[in-house]
Amino acid sequence: MGTIKDNKKGRLIILSSPSGGGKSTICKHLKEKQPELGYSVSTTTRMPRNGEKDGKDYFFVNKKEFKKAVKEGLFAEWAKVHNHYYGTARKVIDDFIKKGKTCLLDIDIQGGLQLMRSYPDAVSIFILPPSFEELERRLRNRKTDSERTIRIRLRNAKKELEYQKFYDHTVVNSILDETINKIVEIINKK
Ligand code: ADP
Ligand code: 5GP
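Residues numbered from 1 in each chain as written. Chains lettered and ligands numbered in written order. Predicted model: local features only at pLDDT ≥ 70, side-chain atom pairs only at ≥ 80, totals over all residues. Heavy atoms only, no water.

Draft legend 1. Representation of helix H3 (residues 90-99) within the structure. When we look at burial in H3, the residues that qualify are Val 92, Ile 93 and Phe 96. For H3, the arc enclosing every buried residue in end-on projection is 85°, short of the 170-degree limit, so these residues lie on one face. The exposed set on the far side of H3, more than 90 degrees from its buried face, consists of Lys 91 and Lys 98. Following H3 by one or two positions, Gly 100 adopts a phi angle in the positive range, close to 75°. (Buried < 20%, exposed > 50% of the residue type's maximum accessible area, 1.4 Å probe, protein only. Helix = DSSP H or I, 4+ residues; strand = E, 2+ residues; numbered from the N terminus. Arc of directions from axis to C-beta.)

Next comes the structure, spelled out in structure tokens:
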């Protein structure tokens, strides 16, 4: 894998895809292998999954706390995704920008579009699953969601795929190592 040449200051790298596209897997690998990269920890009202840690995977809050943060303007973007609220705290990404760190964001399309408007220098990457059937297989094999949740996510995926045209780059996530290499190349090119 190539390494990130972090010679440009404080860039935001937006990764979006339908649920199951591979964003968290990609971010996890990049974090392990490219420790100089920053990773924006989002705030959400969804319940933690097995093994997820508050402050590391997400800041887990209740709806009341989330709405208060929205009112106070603490989010750079926020959205309701698959029946839960998710948001990126302004402070989290502004701290990375101030430190001159490249910061990865694993966020949905609504949030991606909001951030592209307010941070026009952000690099946006749409992660495409190799096929809809493979997306369904990966969502099921992940074994983190109920049948109902999987159905909601697959239904939403059909609509979400239409938004790839608004992203600077599209990467098909077939073989994970190749996907990661392509993302590293994109980050280095900017
Ligand atoms: P997202 O964060 O976009 O919802 P995940 O990273 O959780 O997606 O990936 C969904 C599932 O697909 C996980 O079980 C993950 O291990 C698997 N996966 C991700 N990328 C690949 C890949 N390139 N090949 C095979 N399985 C993959
Ligand atoms: P999950 O519940 O599987 O962790 O995430 C569900 C969806 O919410 C994914 O598409 C993920 O990218 C998105 N998401 C995670 N954090 C944020 C965020 O801060 N803002 C927005 N808009 N979406 C987010």
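From this point on, the discussion continues.
Draft legend 2. Expanded view of the state of the cysteines. The final tally for this structure, using the stated rule, is zero disulfides. Lacking any disulfide linkage, Cys 27 is separated from the closest cysteine sulfur, that of Cys 103, by 9.6 Å. Look at Cys 27 and you get buried, because its relative accessible area is 1%. (Disulfide = S-S within 2.5 Å.)

Draft legend 3. Here's a closer look at the packing of helix H5 (residues 132-142) against helix H6 (residues 147-160). Two elements in contact, H5 and H6, have axes separated by 11 Å at closest approach and are oriented at 150°. When the axes of H5 and H6 are compared, the pair comes out roughly antiparallel. Crossing hand, H5 versus H6: right-handed. Taking contact as the criterion, the partners of Phe 132, Leu 135, Glu 136, Leu 139, Arg 140 and Arg 142 in H5 are, on H6, Glu 147, Ile 150, Arg 151, Arg 153, Leu 154, Ala 157 and Lys 158. When the residues that make up the contact of H5 with H6 are grouped by side-chain class, the tally is six nonpolar, no polar and seven charged. (Axes fitted to C-alpha atoms, helices over the stretch in contact; angles between N-to-C directions. Parallel < 35°, antiparallel > 145°, perpendicular 65-115°, else oblique. Left-handed = near helix turned anticlockwise from the far one by under 90°. Contact = heavy atoms within 4.5 Å. Nonpolar A, V, L, I, M, F, W, Y, C, P; charged D, E, K, R; others polar.)

Draft legend 4. Representation of unusual backbone geometry. Notably, His 82 is not glycine yet its phi reads approximately 45°, a positive angle. Inspection of the secondary structure puts His 82 in the loop between strand S5 (75-81) and strand S6 (84-89). The class of His 82 is buried, set by a relative accessible area of 13%. One non-glycine residue, Asn 83, adopts positive backbone phi at about 75°. On the secondary structure map, Asn 83 appears in the loop between S5 and S6.

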